[in-house]
Amino acid sequence: MAKLIVSAVLEKLGSLIMIPEEIKHKVRVALVLEEEIQKMAANFQDIQSLLQDAEAKQLKDANVRNWLKKLKDVAYDVDDVLDEWNTAKLQSQLEKEQKEVEDFPLLKKIRYSISFFTSRSFLYYNVASKIKDLNKRLECIDTDKDRYKFGLEKEVEEPERQITSSFIDEEEVYGRCQEKTILVNMLVGENSNGGGSSLQIISLVGMGGIGKTTLAQLVYNHNEVECYFDKRIWICVSDPFDEIRIAKEILEAFKGEAVNLVGKNYILQQIRSHVLGKKILLVLDDVWTEDATKWEQLKISLKYCSHGSRVLITTRKERVAIIMGTTTAKVFSLHALSQEECWSLLSHRAFHGRTRDECDNLADIGRKIAEKCQGLPLAAKILGGLLRFKRTREQWQSILDSEIWSLEEAERDLFPPLFLSYYELPWALKQCFSYCSVFPKDKILNKDELIKLWMAQDYLKGVQCEEMETVGEEYFDELMMRSFFHDFKRSELHSGIKEFKMHDIVHDFAQLLMEAECLMLLNDGFEEQSIDFFEKARHVTLIRKEAVPIVPQIYHLKKLRSLLIDSSNHDTSSLSTSLPVLFDQLTCLRTLDLSNSLFGNSIEELPDQTGNLVHLRYLNLKQNRKLKKLPESVCGLCNLQALNLTWCDSLKELPFGIGKLINLRHLENEQTELSLRAMPKGIGRLTNLRTLKVFVAMDGGINKEASTLGDLGNLMHLQGHLKISGLGVVCDVAEAKKAELQNKKGLRNLILDFTNSKGLMSERKEDERLLEALQPPPCLEKLEIWGYSSPTIVPNWMMGLAKLRHLSLGFCFHLNILPPLGKLPSLESLYIGEMRSLEKVGIEFLGVEKEEISALSASSESPSSIIAFPSLKHLEFRDMEEWGYWIPLTSKEEELISIMPRLCSLTIDSCPKLSALPCYIVKNTSLKQLDISQSPILSERCRKETGEDWLKISHIPSIIIDGLCVQVNCFSTEEFGVLQLQPLHSSLLSSNDFHKAFQQD
């Protein structure tokens, strides 16, 4: 980790050496500064070459670990000075550009030029003074390095790797019965699904210490496995992957004697002759290599074995499994032991040699200690062994109260396997992983937020042309595939990882790496902290157990880079009085999280001192629901990259000078559209924006100071989700065209909200032209249109959205005919609601023209060559008070058209006049759930046993009528439960929220 901060500092020092010539000639201190920078760069370069060796030695040598901490401390301080310098340059440049565009008299411009030069000179003096002091500290560290003899050994010291064998004492193993059965079946099952290949590769994947080798040993020695294979071979591979050594060991296993052969080709030929016609099991334990070429030739020689042969690989990295040739179905992910299994393993060791009374006396504490292991067998073994020598309840209680990372036994025996995984990481990933120690244990972490936090700490450099967010995604995926994260929750929309956790033991290991640098503190946990603590802390999570202001001691953490205030137990309102002093003192902050619990009071305003946080990159104000405005001083935070205002639904306006935030990449302002009156004019200058959740549209003729749709045209990098609200007051179609939505290739979800404060009862011809002008990109996946006030809704671009998967049309009161949505090839979920003028739904909804049917009827093509809604899975109609007729097709038309062949669920809610469902719906054999409510005519027709349509719909596994499950198939409920089948209407306003929109000024 030290190497990364040193490298970053060296890069910034290189740019600082380039002092403008006019400053050098006129300011003597600039020359001194240049000399000090060169001296500092030389010292850092001298140290940098030894850091790999130092990082490897730190686990065994506490003195080396302390030396690295001192080095990081100086590097952080240098980085702060350099960031202060770069920020001042950027601020003065922005101010200069502003002055140049303003119409000032010549004399005033000359005065400003003199002032600009003076401030720049003073800045150089200030930086030179700080760099000189830091150089003295760095020279001492540089001198100290010689004591540790870094780099004098022939090779950099690597962590010790354990050599394994196939032998196991099964009496020492607890749990894994189910896993053993599954894995044995994978090994001896005849149905290999290997496409005819004689050699099938199975991979056992999991984090260090989870028990992969133990499980592999269990199945290797299982009776069925012994009988099934002609030959079993166990190879401990470890790192590096030495293909010659591995090949020789395989050959030795066949010959039963040492092999003295030389030449890889000859050895592989010998292996081929020995495996020929034999059914073999080859276990490759502890594989690390990601170089497929090292395994390829050996694999080819093994393919001459008999059908049914297996290779079983154990690895910590899913990527390795894929590279070694494992199919997804044959990757076996090993998870933690159950709590009871973990306790059995720990107690077996801890209670060895004790009397029954002793065991009973200690069992309650022991079970709590076992919980700390979180199902990790290695942790249970080590803590069980430690407890064996602790005789009293007080000693056991002391172990329970201790952090695992602070135990000497954990550092010696538990963490080395984890350190192997850490040591394998590229340098950039090491700091990303270590930063995660700032979060509380067992916290559910959001992937996108974590990437923004990494970005705020300048961890996501990547290659020059690669987006920081893309680099963050790659880093996260790498850490995930190396088993540093677990308990993943996926997004319903795009199935990517949304949330996850860190195993507690992995978290303890990260804490060991960061120690005093990353801390979690209770609001009252400062009393006994040393001065050294206040100097070293860089990242802190403050957990507020009481609704009180921040304790004054936190103001001493002046070098803090991250402050995450956890207000999940109490709202943020009590923080307000502390914020002015906090922002005066903690001016090095790059990350500040002031998010609130969703309910209760909150901060009502931020102080002007917010502008002091010039290093700030990440500001989270989420769910501060009483926050009415942000101070203009926020606009001076020119480094700010992410601003989260989600659910700040009392926020009336954004700062007028927001255009100065030229580095802002993420403006998350969901659920602010009902309070925000408009967007400030400067929003169009934020050309680095990747995320803008809500844009409140305004007609330029109404408010000259507000941003218009045309300003969106400058925001070419927008990605993900965008909602444009307030379209009901916009009349300028030309401005809508300037938004150029079709060119924003990163947009995936778009909401177009035509509601306005004057109500929606009258038709608006402008809506039709506006909608046509707001053409989205062809890659759009989700579209919602609300409050549209024209009778038809068929923009020319709609049927060209070939990747559209989810569509919602709501509150379109004047719409009297549905568009031909059946033509959309990828549409999976469709919601239609609050259509007060719609009386019937006919064949036009299916997107099938009469001419097509006639032509097909006259041709010799096979029936059903026309498919309407080919991908639709979920269909929902709600609040259609005038809809009375869903026009059926003729029998001939049903023969020629395939309709909704993948439909899983249909919901009809509050459609009181709807008389019947068409045959192509009730006879649809793919339909798994039918939900009808507040639609009396339809409910009666579908009544169980007695309804007119009951026999037609009785094949549907799950039928819900007016909230009652009249037919439920348990299997189908699990697979197609109501929650899973809900379409995307949940993002629509409720009726109450919708009418609230009319009342805003």
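Since the model is a prediction, treat every value here as computed from it, not as a measurement.

Peer 1: Let's hear about the overall build of the protein chain: which residues, and what values?
Peer 2: From N to C terminus, the protein chain includes 34 helices and 31 strands. Carbon together with sulfur atoms contributes 50% to the accessible area of the protein chain, which is approximately 43400 Å² in total.

Peer 1: A description of the pattern of salt bridges should follow, citing residues and the corresponding values.
Peer 2: Scanning the model with the defined rule gives 62 salt bridges in all. For glutamate 604, the salt bridge goes to lysine 628, with nearest N and O atoms at 4.0 Å. Of this pair, glutamate 604 sits in the loop between β12 (591-593) and β13 (618-620) while lysine 628 sits in the loop between β13 and β14 (642-644), placing them 24 residues apart in sequence. Judged by relative accessible area, which is 44%, glutamate 604 ranks as partly exposed. Accessibility expressed as a relative area gives 44% for lysine 628, which makes it partly exposed. Among the salt bridges present, the one from arginine 943 reaches glutamate 940, with a minimum N-O distance of 3.9 Å.

Peer 1: Break down the pairing of strand β29 (residues 929-933) for me, citing the residues and quoting the values.
Peer 2: Burial analysis of β29 places five of its five residues in the buried class, the great majority of the element. By the bridge criterion, five bridges tie strand β28 (residues 905-909) to β29 in an arrangement that is parallel. Opposite threonine 907, over in β29, you have aspartate 931 as the bridge partner.

Peer 1: Tell me about the packing of helix α11 (residues 264-275) against helix α12 (residues 293-302), and name the residues and values.
Peer 2: The interhelical angle for the contact between α11 and α12, taken along N-to-C directions, is 30°, at an axis separation of 8 Å. Along its contact with α11, which presents Lys264, Leu268, Ile271, Arg272 and Val275, the element α12 presents Gln297, Leu298, Ser301 and Leu302. The residue makeup of the contact of α11 with α12, split by class, is five nonpolar, two polar and two charged.

Peer 1: I'd like a rundown of the environment of asparagine 43, residues and numbers included.
Peer 2: With respect to the element layout, asparagine 43 can be found in helix α3 (residues 28-48). By relative accessible area, asparagine 43 is classed as buried at 12%. The spacing of asparagine 43 and leucine 138 is 95 residues in sequence and 7.2 Å in space, taken between C-alpha atoms. Excluding residues that lie within four positions of it along the chain, asparagine 43 makes contacts with Asn135, Leu138, Glu139 and Asp142.

Peer 1: Could you give me a rundown of the confidence of the model for the protein chain, with the residues and numbers involved?
Peer 2: The predicted model of the protein chain has a mean per-residue pLDDT of 85, with 86% of residues at 70 or higher. Counted against residues more than four places away or in other chains, residues 988-992, with its pLDDT under 50, gives eight contacts. Segment residues 994-1001: pLDDT under 50, and 19 contacts once partners within four positions in sequence are set aside and those in other chains are kept.

Peer 1: Give a detailed account of unusual backbone geometry, specifying residues and quantitative values.
Peer 2: Even without being a glycine, arginine 176 presents a positive backbone phi close to 70°. If you trace the backbone, arginine 176 turns up in the loop between α6 (106-144) and α7 (177-188). Positive phi is not limited to glycine here, since aspartate 286 has a value of about 65°. Mapped onto the elements of the fold, aspartate 286 is located in strand β3 (residues 280-287). Taking the relative accessible area as the measure of exposure, aspartate 286 reaches 15% and is therefore buried.

Peer 1: I'd like to hear about the packing of helix α14 (residues 339-350) against helix α16 (residues 377-387), residue by residue, with values.
Peer 2: Axes are the key here: two packed helices are described by the angle between their axes and the distance separating the axes. Where α14 contacts α16, the two axes come as close as 7 Å, and the packing angle between them is 30°. Judged by the angle between their axes, α14 and α16 are roughly parallel. Handedness of the crossing formed by α14 with α16: right-handed. In this structure, α14 uses Cys342, Leu345, Leu346, Arg349 and Ala350 to contact α16, whose residues at the interface are Pro377, Ala380, Lys381, Leu383, Gly384, Gly385 and Leu387.

Peer 1: Tell me about the environment of tryptophan 427, and please be specific about residues and values.
Peer 2: Counting through the fold element by element, tryptophan 427 comes out in helix α19 (residues 427-435). Among the residues examined, tryptophan 427 registers a relative accessible area of 19% and is labelled buried. It is 9.2 Å that separates the C-alpha atoms of tryptophan 427 and alanine 2, two residues lying 425 residues apart in sequence.

Peer 1: How would you sum up the packing of aromatic side chains? Please name residues and give values.
Peer 2: Going through the model one piece at a time under the given rule, you end up with 22 aromatic pairs. Considering the side-chain rings of phenylalanine 433 and phenylalanine 484, the 4.6 Å spacing of their centres and the 50° angle between planes classify their relative orientation as tilted. Highlighted residues: phenylalanine 433 in helix α19 and phenylalanine 484 in the loop between α21 (468-481) and β7 (486-490), separated in sequence by 51 residues. For phenylalanine 484, a relative accessible area of 4% corresponds to the buried category. With a centroid separation of 5.6 Å and an interplanar angle of 85°, the aromatic rings of phenylalanine 754 and tyrosine 788 are classed as edge-to-face. With a gap of 34 residues between them, phenylalanine 754 in the loop between β19 (746-753) and α26 (765-773) and tyrosine 788 in the loop between β20 (782-786) and β21 (806-810) connect regions that are remote in the sequence. What makes tyrosine 788 buried here is its relative accessible area of 1%.

Peer 1: Go over the sheet that holds strand β8 (residues 497-501), please, and point to the residues and values.
Peer 2: Spatially, the three strands line up as an open sheet ordered β6-β8-β7, and their pairing is antiparallel. Only two strands of the sheet have a single neighbouring strand rather than two, namely β6 (445-446) and β7.

Peer 1: So, a negative patch on the surface: which residues are in play, and what are the values?
Peer 2: A cluster of like negative charges, contributed by Asp169, Glu170, Glu171 and Glu172, occupies part of the molecular surface. Tracing the chain through its elements places glutamate 172 in the loop between α6 and α7.

Peer 1: Quick rundown of the nonpolar core? Include the residues and the values.
Peer 2: If you look at soluble globular proteins, the nonpolar side chains tend to sit buried side by side. Counting 132 residues, the largest nonpolar core has Leu563, Phe845, Phe877, Trp886 and Ile908 as its most contacted members. Not counting residues within four places of it along the chain, the set of residues in contact with tryptophan 886 comprises Val841, Leu875, Phe877, Ile908, Leu914, Ala916, Leu917, Pro918, Tyr920 and Ile921. Val219, Leu450, Met455 and Met514 belong to the second-largest nonpolar core, a separate cluster that totals 94 residues.

Peer 1: Help me get a handle on the pairing of β3, residues and values and all.
Peer 2: Most of β3 is tucked away, with eight of its eight residues classed as buried. As judged from the seven bridges shared by strand β2 (residues 231-238) and β3, these two strands associate in the parallel manner. By the bridge assignment for β3, lysine 231 is matched with isoleucine 280. Where β3 lies against strand β4 (residues 309-315), five bridges are found, and the strand directions are parallel. What sits directly across from valine 283, in β4, is leucine 312. Following the chain from β3 across α12 to the adjacent parallel β4, one finds a crossover that is right-handed.

Peer 1: Before we move on, could you go through the sheet that holds strand β15 (residues 666-668) and cite the residues and values that matter?
Peer 2: Taken in spatial order, the eight strands make up an open sheet running β9-β10-β11-β12-β13-β14-β15-β16, and their pairing is parallel. Lying at the two open borders of the sheet, with one neighbouring strand each, are β9 (518-522) and β16 (691-692). Bridge count between β9 and strand β10 (residues 539-543): five bridges; the pairing is parallel. Directly across from leucine 522, in β10, lies its bridge partner isoleucine 543.

Peer 1: Lay out α26 in plain terms, naming residues and giving numbers.
Peer 2: Quick reminder: α-helices carry 3.6 residues per turn. Residues three or four places apart thus point the same way. Burial in α26 covers these residues: Asp767, Leu770, Leu771 and Ala773. Buried positions in α26, seen along its axis, are confined to an arc of 155° and lie on one side of it. The inward-facing, buried residues of α26 abut α25 (733-738), β19 and β20.

Peer 1: Residue-level account of α14, with values.
Peer 2: With 12 residues, α14 ought to run about 16 Å at 1.5 Å a step, and its terminal C-alpha atoms sit 16 Å apart, in line with that. Looking only at α14, the buried set comprises Cys342, Trp343, Leu345, Leu346, Ser347 and Ala350. Lining the buried residues of α14 we find α15 (356-372), α16 and α17 (393-401).

Quick notes on the rules
Residues numbered from 1 in each chain as written. Predicted model: local features only at pLDDT ≥ 70, side-chain atom pairs only at ≥ 80, totals over all residues. Heavy atoms only, no water. Helix = DSSP H or I, 4+ residues; strand = E, 2+ residues; numbered from the N terminus. Areas by Shrake-Rupley, 256 points an atom, 1.4 Å probe, with all protein chains shown as cover. Salt bridge = Lys/Arg side-chain N within 4 Å of Asp/Glu carboxyl O. Buried < 20%, exposed > 50% of the residue type's maximum accessible area, 1.4 Å probe, protein only. Pairing = 2+ DSSP bridges. Axes fitted to C-alpha atoms, helices over the stretch in contact; angles between N-to-C directions. Contact = heavy atoms within 4.5 Å. Nonpolar A, V, L, I, M, F, W, Y, C, P; charged D, E, K, R; others polar. pLDDT = per-residue confidence, 0-100. Parallel < 35°, antiparallel > 145°, perpendicular 65-115°, else oblique. Left-handed = near helix turned anticlockwise from the far one by under 90°. Phe/Tyr/Trp six-rings, centres within 6.5 Å; stacked < 30°, edge-to-face > 60°. Patch = residues over 30% accessible without salt bridge, like charges linked within 9 Å, V, L, I, M, F, W, Y side chains within 5 Å. Lys, Arg positive; Asp, Glu negative; His and termini not counted. Charge placed at Lys NZ, Arg CZ, Asp CG, Glu CD. Core = buried A, V, L, I, M, F, W, Y, C linked by side-chain atoms within 4.5 Å. Right-handed = clockwise from strand over helix to strand, strands pointing away. Arc of directions from axis to C-beta. Expected span 1.5 Å × (residues − 1).

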